[in-house]
Structure formats: C-alpha cells, structure tokens
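Letter by letter, the chains look like this.
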Amino acid sequence: MKEKKVYLAELREGDSDLFTKWQWDEAFAEGISYDVFHPFQKKDWEKMFDNSESNEDFHYTIRKISDDSLIGFISLSDVLLKNRRGELGIGIPAKENRGKGYGSEAIQCLLRFAFDHLGLHKINLSVNANNMPAIHVYESLGFIREGINRQAFFHEGTWYEIYDYGLLQSEWRSKID
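Note that residues are indexed from 1 along each chain, following the sequence as it is written. Residues qualify for local features only when their pLDDT is at least 70, as the model is predicted, and side-chain atom pairs are given and counted only at 80 or more; totals for whole chains, interfaces and linings, by contrast, use all residues. Just so you know, side-chain values use all the structure's heavy atoms and leave hydrogens and water out.

1. Let's talk about the environment of isoleucine 62
Part 1 of the argument: Strands here mean DSSP runs of E at least two residues long; helices mean DSSP runs of H or I at least four residues long; both are numbered from the N terminus. Within the element layout of this structure, isoleucine 62 appears in strand E2 (residues 58-64).
Part 2 of the argument: For the pair isoleucine 62 and tyrosine 7, spaced 55 residues apart in sequence, the C-alpha to C-alpha distance is 5.9 Å.

Now the structure itself:
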C-alpha cells in the first residue's frame, strides 16, 4: 500500500522506541486524547501492532518513500464485517512531519485497503473540533461531518465538541474517479 510520498508497513525494530519518545509532543497528545493521557511503554506499542491475525483491527506504520523513515501510524479498527464499516485512526507524532501531505496519502492507502480489499461500505472517524488541520484533511478527502458530540472534550479550561465523520465507499469512488 503506497502513494507518492508514503507507504504503509509493519512495525519494525526500533519503531516502538520512536513512538514512545514522540508521544510526549504536546500537540500530538492533545489531538488523540479524549481523557487522561496514559503514556505507552515500548511493549504497549508493540502489543498494539502485534495482533496480525485480527479481522477487526489493522495497524500500520507510515513511512516516507524517500528515505524509509518512520513518520507515524494509521489504523482501521472495530471493523464490522456484517455491517461493512470500520473506524479510522491516524497519528503523525513529530511536528516536522505534519502539514506535508503524508497524512492525506496514508489515509488514501488505508481507504483503498478498506474499500477495495475488505469490501467495506463506510469508514468512520472522530476528531476534536479544535484540531483544524486534521478536519481540513478529512474534509478534503471527502469525509462528511455526520454528528457533533457537544462539549465532549475539555482542554485548557475550554469545552470543545467532538465531530463524527463518515465516508461511504461510493463517495470515495466518485472522488477518485
């Protein structure tokens, strides 16, 4: 699964060390944490990627094609085969790797896998309303805001909404054709 700048791969030697270090970036932690942040140990990252026999959770690393360096992770979780849907999650922990199109390309790779390989009908995701860069990416890829969980995320004295987004296979196909 690859695009022009990135490809998706398995967890490799040393990756969990980088994830353990990167998780301390404040902007990254704010974007993924709905509640109290419990830091992952190296073994926690390895366990997350370890279940290769699962048909419900798929976890990949995101790597740059130019130098094979690790830049993040992406997942398709809570896959429901009868209802043909799953939940997208993505993280690009290091600030220097954000805003360069890597996330958009990684999501496109995962959408191709979800829709073409697994035959899913819909992909869902949730995002904090104050995470404008992520919202821009999701909407540019065709995700539609389907719901608002009001005052669901508390950050630095302010309540924020959590937006629920969805993308149907037919919408994705019409966008890429």
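2. Structural notes on the pattern of salt bridges
Part 1 of the argument: Within this document, salt bridges are pairs made up of a side-chain nitrogen of Lys or Arg and a carboxyl oxygen of Asp or Glu, the two lying within 4 Å of each other. Enumeration according to the criterion identifies eight salt bridges in this entry.
Part 2 of the argument: Across the pair arginine 112 and glutamate 3 runs a salt bridge, and its minimum N-O distance is 2.6 Å. Residue arginine 112 is located in helix H4 (residues 102-117), and its partner glutamate 3 is located in the segment before strand E1 (6-9); the two are separated by 109 residues in the primary sequence.
Part 3 of the argument: Each of Glu10, Arg12 and Asp68 takes part in one network of salt bridges that share partners.

3. Section: the sheet that holds strand E6 (residues 144-155)
Part 1 of the argument: Taken together, the seven strands give an open sheet; going across it, the order is E1-E2-E3-E4-E5-E7-E6, and neighbouring strands pair in mixed fashion. The sheet is open, and its two edges are formed by E1 and E6, each paired on a single side. Between one strand axis and the next, the sheet turns through 25° on average, direction left out of account.
Part 2 of the argument: Bridging between strand E3 (residues 70-80) and strand E4 (residues 85-91) involves six bridges; their strand directions are antiparallel. Bridging across to E4, serine 77 finds its partner in glutamate 87.
Part 3 of the argument: Note on contacts: a residue pair is in contact if any heavy atoms of the two residues lie within 4.5 Å. A fitted line through C-alpha atoms represents every axis, and for helices the fit uses only the stretch in contact; the resulting angles, taken between N-to-C directions, go from 0 to 180 degrees. Against the sheet, helix H3 (residues 42-50) makes contact with E2 and E3, and its axis sits at roughly 110° relative to E2, the strand it touches most.
Part 4 of the argument: Against the sheet, H4 contacts E1, E2, E3, E4, strand E5 (122-128) and strand E7 (158-168), and its axis sits at roughly 30° relative to E3. A pair of strands counts as paired when DSSP detects no fewer than two bridges linking them.

4. Quick look at the nonpolar core
Part 1 of the argument: In terms of nonpolar packing, the biggest core is built from 34 residues, with Ile74, Leu76, Leu88, Ile123 and Phe143 touching the most fellow members.
Part 2 of the argument: Looking at this core, the elements that each hand over two or more residues are E1, E2, E3, H4, E5, helix H5 (132-140) and E7.
Part 3 of the argument: Of the residues forming this core, the biggest block, nine residues, is contributed by H4.
Part 4 of the argument: Trp22, Phe28, Trp45 and Leu70 belong to the second largest nonpolar core, which has eight residues in total. Only buried residues count toward a nonpolar core. Its members are Ala, Val, Leu, Ile, Met, Phe, Trp, Tyr and Cys residues joined through side-chain atoms within 4.5 Å. Exposure classes here rest on a 1.4 Å probe applied to the protein chains alone. A residue is buried below 20% of its type maximum, exposed above 50%, and partly exposed in between.

5. Some words on the pairing of E5
Part 1 of the argument: Across the seven residues of E5, six count as buried, placing the element largely inside the fold.
Part 2 of the argument: Where E4 meets E5, three bridges bridge the pair, whose relative direction is parallel. Across the sheet, residue glycine 86 finds its bridge partner in E5, namely isoleucine 123.
Part 3 of the argument: In the classification by handedness, the crossover that spans E4, the intervening H4 and the parallel E5 is right-handed.
Part 4 of the argument: For E5 and E7, the ladder comprises seven bridges, and the chain directions are antiparallel. Bridge pairing in E7 places isoleucine 123 opposite leucine 167. A clockwise course of the path from the first strand over the helix to the second, judged with the strands pointing away from the viewer, identifies a crossover as right-handed.

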